[in-house]
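# Structural overview for review
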Amino acid sequence: MTPAEPTPAGPVPGASVIEIAVESPHWDPPDLQALATRAVTATLTRLDLPAGAFEVSILACDDARIATLNAEFRDKPTPTNVLSWPAEERAAETPGAMPDLPDPADPMAAELGDLALAYETCAREAAEADKPFEAHLTHLLVHGTLHLLGFDHETDPDATLMESLEVEILAMLNMANPYETPVV
């Protein structure tokens, strides 16, 4: 390494391990890495899980790639903001109940799963909502991480639980409630 090159930052103690594959030139990997680490770590911390015990893989792609994935895995051939593939099924049997969260002592539970994020859709949604891109992206990272942990929004009780956790986690990060309509 030459003196002109910055020294790479090491892992943040207690932070989640985030692996990112960037397929679209729109993404800024260092910023995405920082946002993802912050969002995933806050989500796990809120759920009393030691963030350093878990890993998440992220595909930073474009609308074309996520539309292909959405068609392949959900039969919806359109772009979406985030997709998730949990490593293990953890959903609660009762609507509105907590899912079966991973055991940090189980090495087989370390990998939570994979997320894919589409830059154009994320940027468009942020602009339409008049929100900073980083705030919207952080919300989607929290949302996706909750999906990896077994939360969903298929029923009203499940949606209430998941959205309330999202609001709490974003508040921990000093971010606004994404479901609140601003007063004009």
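Scroll up a little and you will see the structure.
Residues numbered from 1 in each chain as written. Predicted model: local features only at pLDDT ≥ 70, side-chain atom pairs only at ≥ 80, totals over all residues. Heavy atoms only, no water.

The next point concerns the packing of aromatic side chains. Enumeration according to the criterion identifies four aromatic pairs in this entry. Taking 6.1 Å as the distance between ring centres and 50° as the angle between the ring planes, the aromatic pair formed by Trp27 and Phe133 counts as tilted. Separated by 106 residues along the polypeptide, Trp27 in the loop between strand 1 (17–22) and helix 1 (29–46) and Phe133 in helix 4 (residues 133–148) bring together distant segments of the chain. When sorted by exposure, Trp27 lands in the same class as Phe133, which is buried. A connected cluster of aromatic rings, assembled from ring pairs, spans Trp27, Tyr119 and Phe133. (Phe/Tyr/Trp six-rings, centres within 6.5 Å; stacked < 30°, edge-to-face > 60°. Helix = DSSP H or I, 4+ residues; strand = E, 2+ residues; numbered from the N terminus. Buried < 20%, exposed > 50% of the residue type's maximum accessible area, 1.4 Å probe, protein only.)

Relative to the assigned elements, Thr145 resides in helix 4. In this view, Thr145 contacts Val40, Thr43 and Leu115; residues no more than four positions away in its chain are not counted. (Contact = heavy atoms within 4.5 Å.)

Here the focus is the nonpolar core. In terms of nonpolar packing, the biggest core is built from 37 residues, with Leu117 and Leu141 touching the most fellow members. Mapped onto this core, the elements with two or more residues apiece are helix 1, strand 2 (55–61), strand 4 (111–118), helix 4 and helix 5 (156–172). Counting residues in hydrophobic clusters, the runner-up holds seven residues, among them Ile66, Leu69, Ala116 and Ala118. (Core = buried A, V, L, I, M, F, W, Y, C linked by side-chain atoms within 4.5 Å.)

Our focus in this paragraph is the sheet that holds strand 4. What holds strands together in a sheet is hydrogen bonding between their backbones, with the strands either parallel or antiparallel. Taking strand neighbours across the sheet as the criterion, the four strands line up as 1-2-4-3 in an open arrangement whose pairing is mixed. Looking along the sheet, the strands with just one partner apiece sit at the ends: strand 1 and strand 3 (82–86). Averaged over all pairs of adjacent strands, the angle between their axes in this sheet comes to 20°, without regard to strand direction. Pairing analysis gives six bridges linking strand 1 to strand 2, with the strands arranged parallel. What sits directly across from Val22, in strand 2, is Ala60. Helix 2 (residues 63–74) contacts strand 2, strand 3 and strand 4 of the sheet and is inclined by roughly 45° relative to strand 3. Running over the sheet, helix 4 touches strand 2, strand 3 and strand 4 and is turned about 145° from strand 4. (Pairing = 2+ DSSP bridges. Axes fitted to C-alpha atoms, helices over the stretch in contact; angles between N-to-C directions.)

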